[in-house]
Amino acid sequence: MDRAWNMHYEGHVIRTYLDDNHLWFVASDLARALGYRDGFALTRAVDEDDKKYLDVETGGGRQRGAVISDIGLIVFAARSPKSFSRKLLQWVLDELTSY
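This is a predicted model, so every value here is computed, not measured.

Enquirer: Would you take a moment to explain the sheet that holds strand β2 (residues 12-19) for this structure?
Expert: Across a sheet, strands are paired by hydrogen bonds formed along the backbone, either parallel or antiparallel in direction. The 5 strands are arranged β1-β2-β3-β5-β4 in an open sheet whose pairing can be described as antiparallel. A strand with exactly one partner marks an edge of an open sheet, and here the two such strands are β1 (3-9) and β4 (51-58). Pairwise comparison of adjacent strand axes, ignoring direction, gives a mean angle of 40° for this sheet. Taken together, the 4 bridges between β2 and strand β3 (residues 22-26) define a ladder with antiparallel strand orientation. Bridge pairing in β3 links Y17 to W24. Across the sheet, helix α1 (residues 27-34) lies against β1, β2, β3 and β5 (61-69), angled at about 150° from β2, the strand it touches most.

So this is what it looks like as structure tokens:
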């Protein structure tokens, strides 16, 4: 992992990591912000190529956690029939153009 930092979506902290020239978003943070039960519920809707597991910082130290690539999050937001999808897509595109 090259870098890690926090982004903010709808009042929620979304941890991100730069790895392999892609920005990766912590699935559990996105799930919390979007009203999903957990990160696993969210990652089921993401293609296998667009998710992986990294050691992420948690309140209990570093743990393995699911992360979703920048491309995977864009595709997820574009395909989602949920009411938040357009706002999420705009947010992620804005964030990607600023990093």
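Enquirer: I keep staring at the pairing of β2 and nothing clicks. Help me out?
Expert: A regular strand places its side chains so that they alternate between the two faces of the sheet. Burial of β2 is extensive: 6 of the 8 residues sit out of reach of the surface. One ladder, built from 7 bridges, connects β1 with β2; its direction is antiparallel. Opposite R3, over in β2, you have L18 as the bridge partner. Once β2 ends, the chain turns through 2 residues before running back antiparallel as β3, passing D20 with a positive phi of about 55°.

Enquirer: What am I meant to see in the nonpolar core here?
Expert: Within soluble globular proteins, side chains that are nonpolar generally end up buried alongside one another. Y9, F25, L73, F76, L88 and W91 are the most contacted members of the largest nonpolar core, which totals 23 residues. Put simply, the parts of the chain that give this core at least two residues each are β1, β3, α1, β5, α3 (70-79) and α4 (85-98). Once residues within four sequence positions are removed from consideration, Y9 is found in contact with I14, A33, L34, F84, K87, L88 and W91. Within the second largest apolar cluster, 6 residues are counted, among which are W24, V26, V56 and V67.

Enquirer: Quick question: what am I supposed to make of α4 here?
Expert: Three or four residues apart is the spacing at which side chains of an α-helix point the same way, because the helix has 3.6 residues per turn. Here α4 is 14 residues long and its end C-alpha atoms lie 20 Å apart, about the 20 Å a rise of 1.5 Å per residue gives. What α4 keeps buried is the set S85, L88, L89, W91, V92, E95 and L96. Each buried residue of α4 lies within a common arc of 165° when the element is viewed along its axis, so the set occupies one face. In α4, the exposed positions that point more than 90 degrees away from the buried face belong to R86, T97 and S98. The inward-facing, buried residues of α4 contact β1, β2, β3, α1 and α3.

Enquirer: How should I be thinking about the environment of Q90 in this particular structure?
Expert: Along the chain, Q90 falls in helix α4. On the accessibility criterion, Q90 (41% relative accessible area) is partly exposed. A sequence separation of 74 residues divides Q90 from T16, and the C-alpha atoms of the two residues are 17 Å apart.

Conventions we followed
- Going along each chain's sequence as written, the residues are numbered from 1 onward.
- Owing to the predicted nature of the model, reporting of local features is limited to residues with pLDDT of at least 70; listing and counting of side-chain atom pairs is limited to 80 or more, with chain, interface and lining totals taken over all residues.
- The basis for the side-chain values is all heavy atoms of the structure; hydrogens and waters are excluded.
- DSSP calls a pair of strands paired once it identifies at least 2 bridges connecting them.
- Secondary structure is summarised from DSSP: a helix means a run of H or I of at least four residues, a strand means a run of E of at least two, and numbering begins at the N terminus for each.
- Inter-axis angles, ranging from 0 to 180 degrees, are taken between N-to-C directions of lines fitted to C-alpha atoms, where helices are fitted over the stretch in contact.
- Residues are treated as being in contact if the distance between any of their heavy atoms lies within 4.5 Å.
- Here's how the labels work: a residue is buried when its accessible area is under 20% of the maximum for its type, exposed when over 50%, partly exposed in between, all with a 1.4 Å probe on protein chains only.
- Residues belong to one nonpolar core when they are buried, are Ala, Val, Leu, Ile, Met, Phe, Trp, Tyr or Cys, and are joined through side-chain atoms within 4.5 Å.
- The span expected for a helix works out to 1.5 Å for each residue beyond the first.
- What the arc covers is the set of directions going from the helix axis to the C-beta atoms.

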